[in-house]
Amino acid sequence: RFFCTTPQCACTDFVSQMQQELTAAESEGAEAVDQLESRYHSMTCQAKSVYQLTCAACGHDANQHSMSEGRATGERVDGEPCA
């Protein structure tokens, strides 16, 4: 996913809370990753979905982020400039 389509939101790239925390845990070492995995496995299905589908940068749901990078690059998906 790419830029957020919510009016007034300047977020340009979707990053899930899970991705962000996993990257941080990996830099801290195996024990931090194990703790994160343990916490993840104890979550309900709904909590896992929210964790994976909420943008850590802007707090909006993944459905509010575009599937194409058209606006973010100033070009349409077919490569033509936006009018």
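Scroll up for the structure.
J.: What am I meant to see in the overall build of the protein here?
T.: In terms of regular secondary structure, the protein is built from four helices and zero strands. Secondary structure elements of the protein, listed N to C terminal, follow the sequence α-α-α-α. By residue count, 24% of the 83 residues in the protein fall in the buried class. By element, 51% of the accessible surface of the protein is carried by carbon and sulfur atoms, the whole surface being about 5800 Å².

J.: For this particular structure, what's the right way to read the packing of helix α1 (residues 17-28) against helix α2 (residues 30-41)?
T.: Each packed pair of helices is defined by two parameters, the angle between the axes and the distance between the axes. Remark: α1 packs on α2, axes separated minimally by 7 Å, with the N-to-C direction vectors making an angle of 150 degrees. By the criterion of interaxial angle, the relationship of α1 to α2 is roughly antiparallel. Note on element contacts: α2 touches α1 through A32, V33, L36, R39 and Y40, opposite M18, E21, L22, A25, E26 and E28. Residue classes in the contact of α1 with α2 are distributed as seven nonpolar, no polar and four charged.

J.: Quick question: what am I supposed to make of the environment of Y40 here?
T.: Along the chain, Y40 falls in helix α2. Sequence separation between Y40 and M18 is 22 residues, and the spatial gap between their C-alpha atoms is 9.0 Å. Excluding residues within four positions of it along the chain, Y40 makes contact with M18, K48, Y51 and Q52.

J.: Looking at this structure, how should I read the side chain of S66?
T.: Mapped onto the secondary structure, S66 falls in the loop between α3 (45-53) and α4 (70-73). When sequence neighbours within four positions are dropped, the list of residues in contact with S66 reads R1, F2, F3 and T5.

J.: Sorry, what's going on with the environment of Y51 here?
T.: By secondary structure assignment, the location of Y51 is in helix α3. Overall, Y51 belongs to the buried group, its relative accessible area being 6%. Apart from residues lying up to four places away in sequence, Y51 is in contact with S16, Q17, M18, E21, L36, R39, Y40 and M43.

Parameters at a glance
- Counting restarts for each chain, with residues numbered from 1 along the sequence as it is written.
- In keeping with the model being predicted, local features are shown solely for residues with a pLDDT of at least 70 and side-chain atom pairs are shown and tallied solely at 80 or more, while totals for entire chains, interfaces and linings include all residues.
- Excluded from the side-chain calculation are hydrogens and water; included are all heavy atoms of the structure.
- By the criteria applied, helices consist of DSSP H or I runs no shorter than four residues and strands consist of E runs no shorter than two, each listed in order from the N terminus.
- Think of it in three bands: with a 1.4 Å probe and only protein chains considered, a residue is buried below 20% of the maximum accessible area for its type, exposed above 50%, and partly exposed in between.
- Each accessible area value is a Shrake-Rupley result obtained with a 1.4 Å probe; residue values ignore everything except the protein chains displayed when judging cover.
- Axis angles are defined between N-to-C directions and span 0 to 180 degrees, where every axis is a line fitted to C-alpha atoms and, for a helix, only to the segment in contact.
- What sets the label is the angle itself: under 35 degrees gives roughly parallel, over 145 gives roughly antiparallel, 65 to 115 gives roughly perpendicular, and the rest give oblique.
- Whether two residues are in contact is decided by their heavy atoms, any of which lying within 4.5 Å being enough.
- Throughout this entry, Asp, Glu, Lys and Arg are counted as charged residues, while Ala, Val, Leu, Ile, Met, Phe, Trp, Tyr, Cys and Pro are counted as nonpolar. The remaining residues, Gly among them, count as polar.

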